[in-house]
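The primary structure of each chain is shown beneath.
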Amino acid sequence: MAAHQEKKLAEERKHQNMQNDTKTSQGQWGRAWEVDWFSLASILFLLMFAPLIVYYFIMSCDQYQCSLTDPLLDLLTGNKHLSNIWNRTPMLTYRAAAIYSLWVTFQVFLYVSIPDFCHKFLPGYVGGVQEGAVTPAGVVNKYEINGLQAWIISHVLWFANAYCFHFFSPTIIFDNWIPLLWCANILGYAVSTFAIIKGYFFPTNAKDCKITGNFFYDYMMGIEFNPRIGKWFDFKLFFNGRPGIVAWTLINLSFAAKQQELHGEVTNSMILVNVLQGIYVLDFFWNEAWYLKTIDICHDHFGWYLGWGDCVWLPYLYTLQGLYLVYHPVQLRTDYAMGVLMLGLLGYYIFRMTNHQKDLFRRTNGNCRIWGKKPEYIECSYMSVDGTKYYSKLMTSGFWGWARHFNYTGDLMGSLAYCLACGFEHLLPYFYIIYMTILLTHRCIRDEHRCSSKYGKDWKCYTAVVRYRLLPGVF
Ligand code: NDP
């Protein structure tokens, strides 16, 4: 793969310095330079309320059996005051601080100190040193892909402790869930604040920085594109994947252990959530090299949105189903459970195949077969900020001919399955599908806006051929 990429890059660089008159329209891709009032209002809203939203969800499980309405009713009717709720909230503890510091330090150690060995014995797995996409300034970063190995080591140690060593209880995460939330927030804010200071004063690559001059926007969306410490510690790759995503499956296992402890059994709904989300997480690490080409890594700058989001939002809100099932141990009818499993697996299949088709297409520069045929595509070109012209292709075959983001559709089907596994008694476990629908629809529009400024008229040709975004014939 590396050899192929080098060849492709060499071909692309043949076109270097070919200026053309579309430069101004197509040279501005990447995140916004100017902040409109709507973006600013959304950012201020998120900066103020996102931590409260996370707290509200977790508190409502802790104090109100996961009811989202009861805390509000209590407050509105004067039955309780904010201070009553706050006083019952567990505070930061030394124990939680120690657990969290140990966890993050261990993940940093696994990330920087153990070069990938999985690719040496796992056929088909792409690990070790890999190249990312070309940045707007024309830089190609190298990454050490060793997330699968970090995930395996972390889980082997977890099971070794649970079944052999018994150093700590597998319910440890659940038992410290709110104190750990304060730790995650401290890290999330610390890393975002460090990122903006670093962006202003000692950026890794000044040409890939964007400073809008609006402090809140820059803090939220980030200044630096790929902040690094040293040659290999890449903030985006580390925080995007670990400690949050490695922890995701461990958090679910801890919730399952707590359900066993409290109710004497692990329900089929809890198993479903563990299995379906486990597949999603494993898929993430199996395809970590491919994730270098996704929007998070190759288009977003590193700010609060990624830094705090990866530390707090992801581990706390993506795991709500497991948390809910600790309080409500739902046992599903077998046919219903099978239906949910099928929906989850079908969603995963669509998600994976769509992503795979684009990856194969881009890796082979279109010299591949999609559904048994040579893929169809639209040729397109774009400029980096230094005026270098690059060529690319937008595929119109396979799932990419059905809709412009059918991978999101598969992701949404899988997300719905996690929620359906929790039954219909409460709204809280459905937060995930509501959030993912908003996130992915917004992301789709954001991506298309970016692609439109990147590819100009070529993007228009593409959207004329593939007319729908998520659902053919509907949207
Ligand atoms: P995509 O993997 O869909 O990447 C979009 C990019 O692909 C575009 O910017 C463009 O990049 C390129 N592209 C678009 N159309 C085509 C085409 N027809 N042929 C070839 N290339 C094309 O988006 P994401 O990075 O957002 O998502 C990756 C996966 O991650 C998705 O499956 C998504 O569901 C999942 N995801 C999950 C999240 C979660 O929180 N669980 C959050 C976000 C994503 P270029 O500039 O290279 O042309």
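Definitions and cut-offs
Residues numbered from 1 in each chain as written. Predicted model: local features only at pLDDT ≥ 70, side-chain atom pairs only at ≥ 80, totals over all residues. Heavy atoms only, no water. Salt bridge = Lys/Arg side-chain N within 4 Å of Asp/Glu carboxyl O. Buried < 20%, exposed > 50% of the residue type's maximum accessible area, 1.4 Å probe, protein only. Helix = DSSP H or I, 4+ residues; strand = E, 2+ residues; numbered from the N terminus. Pairing = 2+ DSSP bridges. Near = heavy atom within 4 Å. Polar contact = N/O pair within 3.5 Å; in protein donor to acceptor, adjacent residues only side chain to side chain. Areas by Shrake-Rupley, 256 points an atom, 1.4 Å probe, with all protein chains shown as cover. Nonpolar A, V, L, I, M, F, W, Y, C, P; charged D, E, K, R; others polar. UniProt positions renumbered as here; feature names shortened; annotations may be inferred. Axes fitted to C-alpha atoms, helices over the stretch in contact; angles between N-to-C directions. Parallel < 35°, antiparallel > 145°, perpendicular 65-115°, else oblique. Left-handed = near helix turned anticlockwise from the far one by under 90°. Contact = heavy atoms within 4.5 Å. Phe/Tyr/Trp six-rings, centres within 6.5 Å; stacked < 30°, edge-to-face > 60°. Lys NZ or Arg CZ within 6 Å of the ring centre and 35° of its normal. Disulfide = S-S within 2.5 Å.

## Observations regarding the pattern of salt bridges
One side chain can pair with another of opposite charge once the charged atoms of both are near each other.
Moving on, step 1. All told, the structure shown has 15 salt bridges when counted by the stated rule.
Moving on, step 2. Where Asp 234 meets Arg 228, a salt bridge forms, and the shortest distance between an N and an O atom there is 2.9 Å.
Moving on, step 3. By relative accessible area, which is 9% here, Arg 228 ends up buried.
Moving on, step 4. Close ionic contact of Asp 300 with Arg 446 constitutes a salt bridge, the shortest N to O distance being 3.0 Å.

## Observations regarding the pairing of strand S6 (residues 389–395)
Moving on, step 1. Along S6, six of the seven residues are buried, which leaves the element largely enclosed by surrounding structure.
Moving on, step 2. Pairing analysis gives seven bridges linking strand S5 (residues 377–383) to S6, with the strands arranged antiparallel. Across the sheet, the residue bridging to Met 383 is Lys 389, located in S6.
Moving on, step 3. With antiparallel pairing between neighbouring strands as the criterion, S5 and S6 make up a hairpin whose turn holds five residues, including Gly 387 at a positive phi of roughly 90 degrees.

## Details of unusual backbone geometry
Moving on, step 1. Following Arg 242, the chain continues into Pro 243 via a peptide bond in cis, with omega recorded as 10 degrees.
Moving on, step 2. Unusually for a residue other than glycine, Cys 66 sits at a positive phi of about 70 degrees.
Moving on, step 3. Note on Cys 66: relative accessible area 0%, which makes it buried.

## Points about the site of the ligand
Moving on, step 1. The local shell around the ligand holds 28 residues, among which Tyr 408, Asp 411, Asp 447, Lys 454 and Tyr 455 are the closest.
Moving on, step 2. In this structure, an oxygen atom belonging to the ligand sits 2.6 Å away from a side-chain N or O atom of Asp 411.
Moving on, step 3. Asp 447 is positioned with one of its side-chain polar atoms (N or O) 2.6 Å from an oxygen atom of the ligand.
Moving on, step 4. In isolation the ligand offers 920 Å² of accessible surface; the protein chains occlude 94% of this area.
Moving on, step 5. Sorting the residues of the shell around the ligand by element identifies helix H15 (288–291), helix H19 (334–363), S6, helix H21 (406–420) and helix H22 (431–455) as the ones contributing at least two each.
Moving on, step 6. Of all the elements, H22 adds the most residues to the shell around the ligand, at eight residues.
Moving on, step 7. Split into classes, the residues belonging to the shell around the ligand amount to 15 nonpolar, five polar and eight charged.

## So, the UniProt feature "transmembrane region" (unreviewed entry) in the protein chain
Moving on, step 1. UniProt records the feature "transmembrane region" (unreviewed entry) at residues 37–58, 92–114, 148–168, 180–201, 306–327, 334–351 and 415–440, using the numbering of this structure.
Moving on, step 2. With 62% helix and 0% strand, the stretch residues 415–440 has end C-alpha atoms that lie 11 Å from each other.

## Digging into the packing of helix H3 (residues 37–64) against helix H18 (residues 320–327)
Moving on, step 1. Where H3 contacts H18, the two axes come as close as 10 Å, and the packing angle between them is 15 degrees. Between H3 and H18, the angle falls in the class roughly parallel. Where H3 crosses over H18, the two elements pack in a sense that is left-handed. Along the contact surface, H3 presents Phe 57, Ile 58, Cys 61 and Asp 62, while H18 presents Leu 320, Leu 323 and Tyr 327.
Moving on, step 2. When its residues are assigned to classes, the contact of H3 with H18 shows six nonpolar, no polar and one charged.

## Considerations on the packing of aromatic side chains
Moving on, step 1. Throughout the structure, instances matching the rule amount to 55 aromatic pairs.
Moving on, step 2. Consider the rings of Trp 459 and Tyr 462, whose centres lie 4.9 Å apart with planes at 50 degrees: the pair is tilted. Note that Trp 459 and Tyr 462 are positioned in helix H23 (residues 457–465) at a spacing of three residues, about one turn of the helix. Both residues of the pair, Trp 459 and Tyr 462, count as buried.
Moving on, step 3. Here the guanidinium or amino end of Arg 228 rests over the ring plane of Tyr 143, the centre of that ring lying 4.7 Å away.
Moving on, step 4. The positively charged end of Lys 236 is found above the aromatic ring belonging to Phe 225, 4.2 Å away from the centroid.

## Let's talk about the state of the cysteines
Moving on, step 1. In total, this model carries one disulfide according to the counting rule given.
Moving on, step 2. Residue Cys 61 pairs covalently with Cys 66 via a disulfide, S to S 2.3 Å. Across the S-S bond linking Cys 61 and Cys 66, the dihedral sits near 110 degrees, which makes this disulfide right-handed.
Moving on, step 3. On the basis of relative accessible area, Cys 61 is assigned to the buried category, the value being 0%.
Moving on, step 4. Unpaired in this structure, Cys 311 has its nearest cysteine sulfur neighbour in Cys 183, at a distance of 11 Å.

## Concerning the pairing of strand S1 (residues 128–134)
Moving on, step 1. Most of S1 is tucked away: five of the seven residues are buried.
Moving on, step 2. Here five bridges tie S1 to strand S2 (residues 140–145), and the two strands are oriented antiparallel to one another. Considered in S2, the bridge of Gly 128 is made with Ile 145.
Moving on, step 3. Connecting S1 to the next strand, S2, in antiparallel fashion are five residues, including Gly 138 with a positive phi near 85 degrees.

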